[in-house]
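One-letter residues, chain by chain:
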Amino acid sequence: MTVSVANKMIQNRAGLTDLGRLALAFIDGGSEWLDWAISNAGPRYDFPDESALVEQVQQGLHATRLALLPNLKLMVSPVKLMTLGVDSLRTLADAESGDTSATVSAQVKRILADHNLLTQDDFAAGASFLAGLGVSGAPVFQFMGFDEQLAVQELLYRKESQGTANPELQKEAAAFAVDQARTVQEFADYYQFYLIYVNRLGSLTATPDDRKKRAGGALDTILPQLFGFLECPQVGPLAAPAEVARAVSDWQKRGRPIGFARLSDGALQIVRDTAFRDETGDAVRVLVAGYLAGAQALLSATPPQRGIMGQDGASCLFPVFGKGNQAEIQMGAAGVISLRCFRPDPPATAAAAATTAAA
């Protein structure tokens, strides 16, 4: 026998857990590969766990992290599928096999929603969104892989993109973002930046040119202050929460802050999560430094413990809470750990807490 998982020899498919066996079956040729590897007299295949097995089989057979479930119109990592649980995987398997009953269809819809799994139809909504903004033909959108489509589609669920903006302002924001962005992810950042900033200033009655000028000036003020905060720690693939926490701690012990994934994301965080309006000079430097210092203090006191794996089976979001503050750190698909947001305890909440404590 030539296949082992966690030092246990696998003699047939039944040697895997139900979860591992179901996830492997979603990989085209996955179960057949296992049969071949077990009977093959050639090299050994040793995996530390079943997640590593399905991840490496998927990559080895198809050179991509994402398995295709054509009937569900879903592309998803088999590693992510393993986080759904046995019952959910059985339901998805029934639907993928052709069960279109109302009960199964309703269960599938709930599973996809509960685990933030996006289908072809969801991504089509993102494409329609760009078309409605009048920017779908912009050069920045010429190469749209999974990560790029995800960045656009996520805008549909952000309040900055919808309820707070009228259609014309949304088009302004899109035009501004197209001018500034060099990647689709940057477009999403700058689009939100524009909407948040002009709404905060209450400048909706100003002219579009005035709004664009003010937003551009704010961006020019903030971006240079972020150059020193773009370095981040990195871990290997499928890193456990403890590994992420250790990487964060080791990085901070060297006196280095957990920085931003990209410059545009840092600018978005500053305008979204601080009281920035039109500060310049020392005032904006103090504001940025305070934001980063608060985030680092929270991450030092409260290590990340539990992550939410992305659809790609490689990225992961770690919420962190402590003393009324909250933050999120993101582990990207390449293992880079960056700050996603930091939201301090609002002054009113902090004052109420202080009054309660004094009483």
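Up top is the structure these notes are about.
Read on for an overview of the structure. Fair warning: this is a prediction, and the values are worked out from it, not measured in the lab. (Residues numbered from 1 in each chain as written. Predicted model: local features only at pLDDT ≥ 70, side-chain atom pairs only at ≥ 80, totals over all residues. Heavy atoms only, no water.)

Quick look at the environment of Val 244
Moving on, step 1. Mapping Val 244 onto the fold places it in helix H12 (residues 241-253).
Moving on, step 2. Residue class for Val 244 comes out buried when judged on its relative accessible area of 0%.
Moving on, step 3. As a C-alpha pair, Val 244 and Pro 304 span 60 residues in sequence and 7.4 Å in three-dimensional space.
Moving on, step 4. If we skip the residues at most four places from it in the chain, Val 244 touches Ala 239, Pro 304, Phe 318, Ile 329, Met 331 and Ile 337. (Helix = DSSP H or I, 4+ residues; strand = E, 2+ residues; numbered from the N terminus. Buried < 20%, exposed > 50% of the residue type's maximum accessible area, 1.4 Å probe, protein only. Contact = heavy atoms within 4.5 Å.)

A few points about the sheet that holds strand E1 (residues 3-5)
Moving on, step 1. Spatial strand order, E2-E1-E3: three strands in an open sheet with mixed pairing. Where the open sheet ends on each side, the last strands, each with one partner, are strand E2 (8-9) and strand E3 (45-47).
Moving on, step 2. The pairing of E1 with E3 spans three bridges and is parallel. The residue of E3 that forms the bridge with Val 3 is Tyr 45.
Moving on, step 3. Most of the contacts of helix H2 (residues 30-39) go to E3, to which it runs at about 120 degrees, and overall it touches E1 and E3. (Pairing = 2+ DSSP bridges. Axes fitted to C-alpha atoms, helices over the stretch in contact; angles between N-to-C directions.)

Digging into the sheet that holds strand E9 (residues 337-343)
Moving on, step 1. One open sheet accounts for four strands, arranged E6-E7-E8-E9; its pairing is antiparallel. Whereas interior strands pair on both sides, the edge strands pair on one side only; in this sheet they are strand E6 (308-309) and E9.
Moving on, step 2. As paired elements, strand E8 (residues 325-331) and E9 share six bridges and run antiparallel to each other. Note that in E9 the partner of Gln 330 across the bridge is Ser 338.

Considering the packing of aromatic side chains
For any pair of aromatic rings, geometry is given as the distance between the ring centres together with the angle between the planes.
Moving on, step 1. Evaluation of the coordinates by the stated rule reveals 12 aromatic pairs.
Moving on, step 2. Judged by centre distance (6.0 Å) and plane angle (25 degrees), the rings of Phe 187 and Tyr 191 are stacked. Here the residue Phe 187 and the residue Tyr 191 both occupy positions in helix H10 (residues 184-201), the gap between them amounting to four residues, near one helical turn. Across this residue pair, the class does not change: Phe 187 and Tyr 191 are buried. (Phe/Tyr/Trp six-rings, centres within 6.5 Å; stacked < 30°, edge-to-face > 60°.)

Topic: the packing of helix H7 (residues 120-133) against helix H9 (residues 167-180)
Packed helices, taken two at a time, are described by the angle their axes make and the gap between the axes.
Moving on, step 1. Interaxial distance between H7 and H9 falls to 9 Å at its minimum, and their mutual angle equals 95 degrees. It follows from the interaxial angle that H7 and H9 lie roughly perpendicular. For the pair H7 and H9, the contacting residues are Phe 129, Gly 132 and Leu 133 in the first and Gln 170, Lys 171 and Ala 174 in the second.
Moving on, step 2. Each residue belonging to the contact of H7 with H9 can be placed in one class, and the counts come to three nonpolar, two polar and one charged. (Parallel < 35°, antiparallel > 145°, perpendicular 65-115°, else oblique. Nonpolar A, V, L, I, M, F, W, Y, C, P; charged D, E, K, R; others polar.)

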